[in-house]
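The primary structure of each chain is shown beneath.
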Amino acid sequence: MRAYGQDIQDITQEVSNHWQKGKPFNIRESIQEITLHYILRVICSVNNITGNM
């Protein structure tokens, strides 16, 4: 896990940058997005992900 810590932190930051202060958001969707992007980036070696990020 230490080897992937920076990737997890970067992906989480990218997702959380879309959160707006004072506005509610769906944490489940955010966690799913973080998980999917992590799988694509780290496990499948896909670095250019388009979509919500």
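Please refer to the structure placed before this passage.
The written sequence of each chain sets the order in which its residues are numbered from 1. The model is predicted, so local features are restricted to residues of pLDDT at least 70 and side-chain atom pairs to those at 80 or more, both for listing and for counting; the totals for chains, interfaces and linings are taken over all residues. Excluding hydrogens and water, the side-chain values take into account all heavy atoms of the structure.

With that settled, consider the overall build of the chain. Segments assigned H or I by DSSP are reported as helices when at least four residues long, segments assigned E as strands when at least two residues long, and all are numbered from the N terminus. What the chain contains, in helices and strands, is two helices and zero strands. The buried share among the 53 residues of the chain stands at 19%. Any two residues whose heavy atoms approach within 4.5 Å at even a single point are treated as in contact. Of all intrachain contacts in the chain linking residues separated by at least 6 positions in sequence, the fraction that spans at least 24 positions is 45%. Only the protein chains shown count as cover for residues, with accessible areas throughout obtained via the Shrake-Rupley method and a probe of 1.4 Å. Surface accessibility of the chain: about 4300 Å² in total, with carbon and sulfur atoms responsible for 53%. Think of it in three bands: residues with accessible area under 20% of the maximum for their type are buried, residues over 50% are exposed, and the middle band is partly exposed, with areas taken using a 1.4 Å probe on protein chains only.

Think of a salt bridge as a Lys or Arg side-chain nitrogen and an Asp or Glu carboxyl oxygen that are within 4 Å of each other. Within the structure shown, the criterion is met by one salt bridge. In this structure, Glu 14 and Arg 41 form a salt bridge, with 3.1 Å as the shortest nitrogen-oxygen distance. Remark: Arg 41 occurs in helix H2 (residues 27-43) and Glu 14 occurs in helix H1 (residues 5-16); sequence separation between them is 27 residues. What makes Glu 14 partly exposed here is its relative accessible area of 28%.

Here we take up the packing of aromatic side chains. The aromatic pairing rule takes the rings of Phe, Tyr and Trp, using the six-membered ring of Trp, and pairs them if the centres are within 6.5 Å, calling planes under 30 degrees apart stacked, those over 60 edge-to-face and the rest tilted. Under the definition given, this model contains two aromatic pairs. The interplanar angle of 90° and the centroid separation of 6.3 Å between the aromatic rings of Tyr 4 and Tyr 38 together place this pair among those described as edge-to-face. On the criterion of sequence distance, the pair formed by Tyr 4 in the segment before H1 and Tyr 38 in helix H2 is long-range, its members being 34 residues apart. Each ring, one from Trp 19 and one from Phe 25, has its centre 4.2 Å from the other, and the planes form 15°; the classification is stacked. We classify Phe 25 as partly exposed; its relative accessible area is 41%.

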